Amino acid sequence: MKIPFATKDQLEAIAAKYPTPFHIYDEKGIRENARRLRRAFSWNKGYKEYFAVKATPTPALLKLLHEEGCGCDCSSLTELMMSERCGITGSDIMFSSNDTPAEEFILADRLGAEINLDDITHIEFFEKAVGHFPRRMSCRYNPGGTFVSANEIMDNPGEAKYGMTRAQLSEAFRILKSKGVEEFGLHAFLVSNTVSNDYYPQLAAILFRTAVELRQETGAHITLINLSGGIGVPYLPDGKENNIDIIGEGVRRAYEEILVPAGMGDVAICTELGRYMLAPYGHLVTRVIHEKHIYKEYIGVDACAANLMRPAVYGAYHHITVLGKENLPCDHKYDVVGSLCENCDKFAVDRMLPKTEIGDLLVIHDTGAHGFSMGYNYNGRLRSAEILLREDGSAELIRRAETPDDYFATLVW
Ligand SMILES: *Cc1c(COP(=O)(O)O)cnc(C)c1O
């Protein structure tokens, strides 16, 4: 069972002030989860989570996470600028980008960010753009092939555009070292949205072994290992959940088995989680504006795929609660649809829900990450407001809804 973090009365009161659709985030849930993550990795002295800004690029949320000890993982110019304007700078920024424009390296360097190079050719590109190297540089590893866990193929790094080959890593470390870089980091992101307590420990073991080899081969002093993103959340109501304590413990075991005996017990671990930090603590709140009865039964809502594209693009499941009808039997089968002139604009297909009527308020669950941020303006649809539900129950507007003026602002007539 998935229960919304706000009641029908609360959300109706908010909707009276800020018209639907809107995204709302739960401060209490976000803080508690961030603290659980920090506790799970507290065995590692230098541990830091860099929140993947692309998942939810909203200053109020970045600042809230910063209060909980998180930095920002940026991968574009505007993400770096937003981080700076939030007062999150220096080693509180991880810059993990790919196909990177020169101006982004320049800004990342000016902000004193940790810089993670996606490719060996970026060494020369960076040097040309920036003119020097920071004390510490990281490199992104792509081991190729398939990533297998418990006899199951979880993803195909060999098909991914990211990172350097194993041979390139050795070469990159040698070159960077010859250019005066003193400390090194190692990063890899191999599988997205994992619901397995084994993913991080398995990835950690790969990175730890590679770090030991790299130190032996190149003499590089490796001080940072970045497990990146990829810890998932259960989108299905009875979906399996990750246990962050078991994950943290699994990484600790790999650390003690591989790094400590190699004399590398000073390595700081970091993560760049996005989905895990926020997805469950966001709802898209939308109102039913139409019912349609043709070959199938349709419920038309005032949100559309421009507000949440995961169902349209990935066929992703997002649970739906019809507020006030939580205890009624789910005995009606609906497609819950938005207004885009695209037949993929369906939040749910053949979903069993209680009898739903015009005026009902719906909560679409787990939209706190890769939700609002993937929004777009197709069909001239406008981006919605974002609201933060404070721990004291008050609702704070943290991004206003777009207006037609915003939509027209870039046009040349
Ligand atoms: C997208 C991304 C993340 C966050 O991924 P999640 O699946 O949201 O945890 C972290 N690091 C990099 C480099 C990314 O591209």
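Residues numbered from 1 in each chain as written. Predicted model: local features only at pLDDT ≥ 70, side-chain atom pairs only at ≥ 80, totals over all residues. Heavy atoms only, no water.

(A) Spotlight on the pattern of salt bridges. Under the criterion given, the structure shown has 30 salt bridges. Taking the shortest distance from any N to any O, the salt bridge between K325 and D360 comes out at 2.7 Å. Residue K325 is found in the loop between β14 (320–322) and β15 (332–337), and its partner D360 is found in the loop between β16 (346–353) and β17 (361–364); the two are separated by 35 residues along the sequence. Residue D360 is classed as buried on the basis of its relative accessible area of 13%. Salt bridges sharing partners connect three or more residues here, namely E27, R31, R35, E67, E68, R390, E391 and E396. (Salt bridge = Lys/Arg side-chain N within 4 Å of Asp/Glu carboxyl O. Helix = DSSP H or I, 4+ residues; strand = E, 2+ residues; numbered from the N terminus. Buried < 20%, exposed > 50% of the residue type's maximum accessible area, 1.4 Å probe, protein only.)

(B) Expanded view of the site of the ligand. Inspection of the region around the ligand gives 15 residues, with K54, G230, E272, R275 and H370 positioned closest. Take K54: an N or O atom from its side chain is 2.6 Å from an oxygen atom of the ligand. Between the ligand and R275, the relevant distance is 2.8 Å, taken from an oxygen atom to a main-chain nitrogen or oxygen of the residue. Compared with its free state, where it exposes 390 Å², the ligand has 91% of that area covered by protein. (Near = heavy atom within 4 Å. Polar contact = N/O pair within 3.5 Å; in protein donor to acceptor, adjacent residues only side chain to side chain. Areas by Shrake-Rupley, 256 points an atom, 1.4 Å probe, with all protein chains shown as cover.)

(C) View of helix α2 (residues 27–40). With 14 residues, α2 should reach 20 Å at 1.5 Å per residue; the first-to-last C-alpha distance of 20 Å fits that figure. Looking at α2, one finds that the buried residues are E27, G29, I30, R31, N33, A34, L37 and A40. Check the buried side of α2 and you find it contacts β1 (22–26), β2 (48–52), α3 (59–67), α9 (244–259), α10 (275–278) and β18 (385–389). (Expected span 1.5 Å × (residues − 1). Contact = heavy atoms within 4.5 Å.)

(D) Here's a closer look at the packing of aromatic side chains. Overall, the coordinates contain 15 aromatic pairs when judged by the stated rule. Seen in terms of ring centroids, F208 and Y255 are 5.7 Å apart; in terms of plane orientation they differ by 85°. Their pairing is edge-to-face. Taken together, the positions of F208 in helix α8 (residues 199–218) and Y255 in helix α9 put the pair 47 residues apart, joining distant regions of the chain. The class for Y255 is buried, based on a relative accessible area of 5%. (Phe/Tyr/Trp six-rings, centres within 6.5 Å; stacked < 30°, edge-to-face > 60°.)

(E) A look at the pairing of strand β3 (residues 71–74). Strand direction decides the pairing type here: β2 and β3, joined by three bridges, are parallel. When the bridges of β3 are listed, Y50 appears paired with G71. Between the parallel pair β2 and β3, the chain is carried across by α3, and the sense of this crossover is right-handed. Note: β3 against strand β4 (residues 93–96), three bridges, orientation parallel. Within the sheet, the bridge partner assigned to C74 lies in β4 and is F95. Tracing the backbone out of β3, into helix α4 (residues 77–85) and back to the parallel element β4 gives a crossover that is right-handed. (Pairing = 2+ DSSP bridges. Right-handed = clockwise from strand over helix to strand, strands pointing away.)

(F) Structural detail: the pairing of strand β11 (residues 268–271). Covered by surrounding structure in β11 are A268 and C270 together with I269 and T271, the residues of both alternating faces. One ladder, built from two bridges, connects β2 with β11; its direction is parallel. Looking across to β11, one finds that K48 is bridged to C270. Two elements, strand β10 (residues 222–226) and β11, share three bridges in a ladder whose sense is parallel. Bridge pairing links L224 to A268 in β11. Once you follow β10 into α9 and on to β11, the crossover reads as right-handed.

(G) The arrangement of the side chain of N242 in detail. Secondary-structure assignment places N242 in the loop between β10 and α9. Within polar-contact distance, the side chain of N242 engages the backbone nitrogen of S196 at 2.9 Å. A polar contact is formed between the side chain of N242 and the backbone oxygen of G232, at a distance of 2.9 Å. With residues near it in sequence (within four places) discarded, N242 still touches T194, V195, S196, N197, I231, G232 and I247.

(H) Geometry of the sheet that holds β11. A barrel is described by the order of its strands in space; here eight strands give the closed sequence β2-β3-β4-β5-β6-β9-β10-β11, paired in parallel fashion. On average, each strand axis in the sheet is tilted by 25° relative to the strand beside it, whichever way the strands run. (Axes fitted to C-alpha atoms, helices over the stretch in contact; angles between N-to-C directions.)

(I) Looking closely at unusual backbone geometry. Cis geometry marks the peptide bond from T20 to P21; its omega dihedral reads -5°. Summarising the element assignment, P21 is placed in the loop between α1 (8–17) and β1. Its identity is not glycine, yet N151 carries a phi of approximately 60°, on the positive side. Among the structural elements, N151 can be located in the loop between β7 (147–149) and β8 (152–155). Judged by its relative accessible area of 81%, N151 is exposed. A positive phi angle, near 65°, is found at N379, a position not held by glycine. Along the chain, N379 turns up in the loop between β17 and β18.

(J) Region of the structure containing the environment of F372. Structurally, the position occupied by F372 is in the loop between β17 and β18. Expressed as a C-alpha distance, the spacing of F372 and A160, which sit 212 residues apart in the sequence, is 25 Å.

(K) Quick peek at the side chain of T210. Tracing the backbone through its elements, the reader meets T210 in helix α8. With near-sequence residues (within four places) excluded, T210 lies in contact with Y141, R166, L169 and L186.

(L) Spotlight on α4. Along α4, the positions that sit buried rather than exposed are E79, L80 and S83. Down the axis of α4, the buried side of the element spans an arc of 100°, and every buried residue falls inside it. Those residues of α4 that are exposed and aimed more than 90 degrees away from the buried face are T78 and R85. Where α4 is buried, its residues touch β3, β4 and α5 (102–110). G87 sits one or two positions beyond α4 and adopts a positive phi of about 80°. (Arc of directions from axis to C-beta.)

Read these as geometric descriptors, not functional statements.
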